[in-house]
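Listed below are the residues making up each chain.
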Amino acid sequence: MSGATPTAVSAPGKVFLAGGYLVLDREYTALVFGLSARINIVAREIKTSPGVQLSEIVVDSPQFQEAQWRYGYHLAPEDGGIKVTQLLSGENTDTNPFVEVTLSYALSYIAGTAFRRSSHTFNPAQFTILADNDYYSQPHSNTGTEKNPTRFAKFPTTLRGANKTGLGSSAALVTSLTAALLTHYLPESDFNIATDEGKRTLHNLAQAAHCAAQGKVGSGFDIAAAVYGSCRYRRFSPSVLKSIPEAGAPGFAPALTKLIDGSTWDFDITKEGVSVPAGTALRMCDVDCGSQTVGMVKKVLQWRESNPADSKKLWDELQSRNERLGSILSEGKLDDIRSAVADIRELIRAMGTQSGVPIEPESQTSLLDALTEVDGVYNGVVPGAGGYDAVTLLMKDDEATEKRVKDFVAQWSKEKGGQVRLLDVKGEMEGVRKENISVYNGWIS
Ligand SMILES: Nc1ncnc2c1ncn2[C@@H]1O[C@H](COP(=O)(O)OP(=O)(O)OP(=O)(O)O)[C@@H](O)[C@H]1O
Ligand SMILES: C[C@@](O)(CCOP(=O)(O)O)CC(=O)O
């Protein structure tokens with residue numbers, strides 16, 4: 001029977017190599033890579049004593065303090081789907097909107113499809129989240145040169161107090177929790193993440209839940225990477241999500257089923273021809289030097305609206321330079337990487353100057369230019385929306401290059417007074433997958 005045996009799934013984080021901002025418009029595409037850092041979820045039934053009725057789903061994130069959320073659930077009136085309510089126990093009164101919204105979306109979808117055929121109920125279950133190191137700055141490492149001592153580090157803080165590195169933890173979490181719920185409560189004949197159909201259901205459901213939890217509709221590239229891994233991504237039309245009432249509101253359940261199983265989704269994922277040359281790795285540095293930037297997307301879009309002709313010219317040219325980089329990488333033309341990335345950076349800086357947004361600010365230009373001089377590094381970019389937080393590098397995948405980069409950023413940090421740290425993560429091709437439960441022995445109690 002489905003649900004009786006523990007199961008485990010994982011979904012990768014993302015690194016955005018090319019196509020930030022452009023991907024917000026369906027006219028353009030992005031080159032997105034999945035990461036070796038995954039959010040893993042182990043699903044287990046909660047055993048109850050004979051005669052004891054329990055309606056509870058527990059989600060816990062044992063790497064963090066006060067990170068257990070307990071939920072009750074019931075059928076909402078007027079086709080509102082499954083409403084989940086956080087059960088407040090002990091000292092933990094913190095909410096986790098990404099977990100809560102994902103539960104109501106996935107349970108409502110499950111109830112609305114497979115359970116229609118029988119009077120099925122949700123057995124009490126526990127979902128344990130284990131995030132690979134690198135989603136958060138590590139507590140044990142001040143210099144960034146030590147190796148992580150464990151696979152799933154314990155943090156001396158609550159989740160709210162942890163420092164994110166920007167790898168898309170919420171998208172990987174929503175995707176893997178959705179996959180875990182579908183896998184746990186449905187028989188394999190109804191849902192299997194290894195199939196194209198299963199991935200499509202998962203993508204649509206995770207995309208809808210993530211937008212609802214975020215309270216906004218972005219391009220959805222992070223969910224695409226979490227489900228499909230490295231790919232060329234063309235976004236879905238934002239109007240796809242217009243038809244859906246709030247979770248629990250009248251009509252939510254049938255609207256959700258129609259949305260997820262329907263044909264309105266117009267996103268496009270291509271995995272073919274998306275790769276990096278053998279012996280090359282996509283790596284990331286966490287940059288902890290500068291100020292936070294707010295409202296960057298809004299400002300860039302305002303610039304675009306006020307300057308339609310100039311911005312179109314720039315975006316069209318940037319799109320073709322992005323596509324050229326994609327071809328160079330998949331054809332393994334190592335000698336052309338540096339100049340292809342330089343051409344992209346030139347236009348990213350132009351977009352930043354014209355819109356007044358620090359997409360590749362001067363401090364990042366200096367860092368990237370200096371890194372490009374390190375033996376074995378081809379070039380690098382500011383990923384996604386850009387700003388001061390991170391750089392993505394294309395570099396040789398060997399220990400000597402890694403050591404040179406680590407030494408370089410340690411020295412740079414000392415001289416510039418900030419903190420730049422090479423993360424352990426690498427670009428990886430595969431998206432969501434089922435895992436062998438024994439991998440997590442010792443990590444779950
Ligand atoms: N390990 C975890 N356990 C439980 N919840 C988590 C975990 N990681 C992330 N989350 C949820 O995701 C939220 C963080 O999402 P947010 O969108 O702010 O960051 P992000 O996705 O990492 O950012 P970015 O898109 O810049 O990479 C947390 O507040 C929490 O609700
Ligand atoms: C600017 C944008 O294209 C990318 C943002 O990426 P990130 O959150 O900076 O990794 C926005 C989006 O695609 O939703």
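Parameters at a glance
Every residue gets a number counted from 1 within its own chain, in the order that chain's sequence is written. By the order in which they are written, chains take letters starting at A while ligands take numbers starting at 1. In keeping with the model being predicted, local features are shown solely for residues with a pLDDT of at least 70 and side-chain atom pairs are shown and tallied solely at 80 or more, while totals for entire chains, interfaces and linings include all residues. Excluding hydrogens and water, the side-chain figures rest on all heavy atoms present in the structure. UniProt positions are given in the numbering used here, feature names are shortened, and annotations may be inferred rather than shown by experiment. The numbering of helices and of strands both runs from the N terminus, where a helix is a DSSP run of H or I of at least 4 residues and a strand a run of E of at least 2. Residues adjacent in sequence count toward polar contacts only when both atoms are side-chain atoms; beyond that, a polar contact is any pair of N or O atoms within 3.5 Å, and within protein one must be able to donate a hydrogen and the other to accept it. Contacts are assigned to residue pairs with any non-hydrogen atoms lying within 4.5 Å of each other. Here the term buried applies to any residue with accessible area under 20% of the maximum for its type, exposed to any over 50%, and partly exposed to those in between, with areas from a 1.4 Å probe on protein chains only. One bridge is not enough; two strands pair if DSSP finds at least two bridges between them. We call a residue near a molecule or strand when any one of its heavy atoms sits within 4 Å of it. Only the protein chains shown count as cover for residues, and all accessible areas are computed by the Shrake-Rupley method using a 1.4 Å probe. Nonpolar core, defined: a set of buried Ala, Val, Leu, Ile, Met, Phe, Trp, Tyr and Cys residues in which side-chain atoms within 4.5 Å join the residues together. Working definition: a ring pair exists when centres of Phe, Tyr or Trp rings (six-membered ring for Trp) sit within 6.5 Å. Plane angles under 30 degrees give stacked, over 60 give edge-to-face, the rest tilted. Classification used: nonpolar for Ala, Val, Leu, Ile, Met, Phe, Trp, Tyr, Cys and Pro, charged for Asp, Glu, Lys and Arg, polar for all others including Gly.

An unreviewed UniProt entry lists the protein under the name Phosphomevalonate kinase, from Xylaria arbuscula. As recorded by UniProt, the Sequence similarities (unreviewed entry) comment attached to the protein reads in full: "Belongs to the GHMP kinase family. Mevalonate kinase subfamily." Turning to the protein, the UniProt record has this under Catalytic activity (unreviewed entry): "(R)-5-phosphomevalonate + ATP = (R)-5-diphosphomevalonate + ADP".

Trainee: Would you mind going over the side chain of Thr 372 with me for this structure?
Mentor: Residue placement: Thr 372 occurs in helix α9 (residues 362-372). A polar contact of 3.2 Å, which involves the side chain of Thr 372, links it to the side chain of Asn 379. Apart from residues lying up to four places away in sequence, Thr 372 is in contact with Arg 338, Arg 345, Val 377, Tyr 378, Asn 379 and Gly 380.

Trainee: Just to check I follow, could you spell out the pairing of strand β10 (residues 377-381) for this structure?
Mentor: The side chains of a regular strand alternate, residue by residue, between the two faces of the sheet. With five of its five residues buried, β10 lies for the most part within the structure. In this sheet, strand β11 (residues 390-396) lies alongside β10 in antiparallel orientation, the contact comprising four bridges. Within β11, the position partnered with Asn 379 by the bridge is Leu 394.

Trainee: Got a minute to help me understand the UniProt feature "domain: GHMP kinase N-terminal" (unreviewed entry) in the protein in this structure?
Mentor: Those residues carrying the UniProt feature "domain: GHMP kinase N-terminal" (unreviewed entry) are residues 163-229 in this numbering. Helix makes up 66% of residues 163-229 and strand 0%, whereas the separation of the span's terminal C-alpha atoms amounts to 24 Å.

Trainee: Would you mind going over the environment of Gly 198 with me for this structure?
Mentor: You can see Gly 198 is positioned in helix α3 (residues 196-214). Judged by its relative accessible area of 5%, Gly 198 is buried. Separated by 136 residues in the primary sequence, Gly 198 and Leu 334 place their C-alpha atoms 36 Å from one another. Apart from residues lying up to four places away in sequence, Gly 198 is in contact with Phe 191 and Asn 192.

Trainee: Which parts of the structure should I look at to understand the site of ligand 2?
Mentor: The environment of ligand 2 is made up of Lys 14, Phe 16, Gly 20, Tyr 21, Val 23, Leu 24, Gly 218, Ser 219, Phe 221, Val 297, Gly 384 and Ala 385. Between ligand 2 and Tyr 21 there is a distance of 2.9 Å, counted from an oxygen atom to a backbone nitrogen or oxygen. One of the backbone N or O atoms of Ala 385 is found 3.0 Å from an oxygen atom in ligand 2. Isolated, ligand 2 exposes 380 Å² of accessible area, and the fraction of that covered by the protein chains is 76%.

Trainee: Please clarify how the nonpolar core should be interpreted in this entry.
Mentor: Generally speaking, soluble globular proteins have nonpolar side chains that are buried together. Counting 131 residues, the largest nonpolar core has Phe 127 and Met 351 as the members making the most contacts within it. With 10 residues, the single largest contributor to this core is helix α2 (residues 169-185). Residues in contact with Met 351, not counting those within four places in the same chain, are Tyr 21, Leu 22, Val 300, Trp 303, Leu 314, Trp 315, Leu 318 and Ile 359. If you look at the next biggest cluster of nonpolar residues, it comprises five residues, including Ala 8, Val 42, Phe 152 and Tyr 440.

Trainee: Before we go on, may I ask you to explain the packing of aromatic side chains in this structure?
Mentor: In this description, an aromatic ring pair is defined by two values, namely the gap between the centres and the angle between the planes. Taken as a whole and judged by the stated rule, the model has 14 aromatic pairs. Ring geometry for Tyr 28 and Trp 315: centres 5.6 Å apart, planes at 85°, overall edge-to-face. Here the residue Tyr 28 occupies a position in the loop between β1 (7-18) and β2 (30-45), and Trp 315 occupies one in helix α7 (residues 308-330), the gap between them amounting to 287 residues. Its relative accessible area of 0% is what places Trp 315 among the buried residues.

Trainee: Where do I start with the site of ligand 1 in this structure?
Mentor: The local shell around ligand 1 holds 17 residues, among which Ser 61, Asn 96, Lys 164, Gly 168 and Ser 169 are the closest. Between ligand 1 and the protein, one listed contact pairs an oxygen atom with a side-chain N or O atom of Asn 96 at 2.6 Å. Within the side chain of Ser 170, an N or O atom sits 2.9 Å from an oxygen atom of ligand 1. Alone, ligand 1 offers 650 Å² of accessible surface; in the complex the protein occludes 77% of this. Contributing elements (two or more residues each) for the shell around ligand 1: β6 (125-131) and α2. No other element matches α2, which puts three residues into the shell around ligand 1. When grouped by side-chain class, the residues that make up the shell around ligand 1 number nine nonpolar, six polar and two charged.

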